[in-house]
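A closer look at the structure
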Amino acid sequence: MLIAGFPAGAWGTNCYLVAPAAGEECVIIDPGHQATEGVADTVRKHGLKPVAVLLSHGHLDHVASVVPVCGAHDVPAWIHPADRYMMSDPAKGLGRSIGTPLMDGITIGEPSDVRVLTDGAVLRLAGLDLTVAHAPGHTKGSVTFGLPEAAGGDDIPPVLFSGDLLFAGSVGRTDLPGGDHAEMLESLARVCLPLDDSTVVLSGHGPQTTIGRERATNPYLREVAAGLGGGQEAAPRRGM
């Protein structure tokens, strides 16, 4: 299993390229602001052939390079329908008024081929089986992508690409349009708590962690595990 990731652009959004091994087909997860060059460098370094772009949600810091990346490799982009509008109108996802200038290095619009993500779907792409879990809270169309243990053999743990649902020590913010605190807690309980402690969490921002570490130390996940909810924010939230 090959997972190559790098933080891209002004927001340091983690972009991941995932393949069974070097020299094979891959998927690209969350090509955000100024990610185009990093994607191209990673493809060359590992001899990869991209077959799809997967988007954990529609915020600008995760989709800003989707058009040039999809165009360069002639591949489709997959996104949940509830967040699709943000690719063509990113200001709506940020709560900005029409006409507010956006940053440089951003291509507004959709790639030529957009496909729909649904809860529970298994995407069989690049020799991988990625399970989609709808996880609203940060946005209405937020999703995670899970790779089972079998994807890499018995010695490789399962992996969760958590987008802006779960971070090391924190969770995604819920104060932007489409965010909802109650939905965030429900998604944490439904998507994250059932996972094995060995599951490696590769999030949209910051370092990797594990479900076991977050179950023991993340104040939000501990709150959900204890059956609590709706209280004071336990720690600063992250994401755009």
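What comes next is a walk through the structure. Here, residues in each chain are numbered from 1, in the same order as that chain's written sequence. Given that this is a predicted model, residues contribute local features only at a pLDDT of at least 70 and side-chain atom pairs are listed and counted only at 80 or more, while totals for whole chains, interfaces and linings are drawn from all residues. By convention in this description, side-chain values take in all heavy atoms of the structure and omit both hydrogens and water.

1. Quick word on the layout of surface pockets
Reported here for the largest pocket is a volume of approximately 180 Å³. Under the scheme used here, helices are H or I runs from DSSP no shorter than 4 residues and strands are E runs no shorter than 2 residues, and both carry numbers assigned from the N terminus. Within the residue set of the lining of the largest pocket, elements represented by two or more residues are β2 (13-19) and β13 (200-203). In the scheme used here, Gly and all other residues not listed as nonpolar or charged are polar, with Ala, Val, Leu, Ile, Met, Phe, Trp, Tyr, Cys and Pro taken as nonpolar and Asp, Glu, Lys and Arg as charged. Within the lining of the largest pocket, the residues separate by chemical class into nine nonpolar, three polar and no charged. The method works on a 1 Å grid over the protein atoms by themselves. A cavity is a set of points holding a 1.4 Å probe that cannot get out, a pocket is an open set with protein on both sides within 12 Å along at least five of seven lines, and residues with an atom within 4 Å of a point line them. Grid points are joined across faces, edges and corners, and a volume is the space filled by probe spheres set on the points. Taken as a whole, the second largest pocket encloses approximately 150 Å³ of empty space. Lining the second largest pocket we find T131, A133, T144, G146, L147, P148, P158, V159, L160, V191, L195 and T199. Counting residues per element, the ones that place at least two in the lining of the second largest pocket are β8 (128-134), β9 (143-147) and β10 (159-163).

2. Description of the sheet that holds β10
Strands pair in a sheet through their backbones, by hydrogen bonds, and they do so in one of two ways: parallel or antiparallel. Here six strands make up an open sheet; going across it, the order is β7-β8-β9-β10-β13-β14 and the pairing mixed. The strands lining the two open edges of the sheet, one partner per strand, are β7 (122-125) and β14 (209-210). For two strands to pair, DSSP has to find at least two bridges joining them. As defined by bridge partners, β7 adjoins β8 across four bridges and the pair is classed as antiparallel. In the strand pairing of β8, L123 is matched with L130.

So, to be careful, I would describe these as geometric facts and stop short of saying anything about function.
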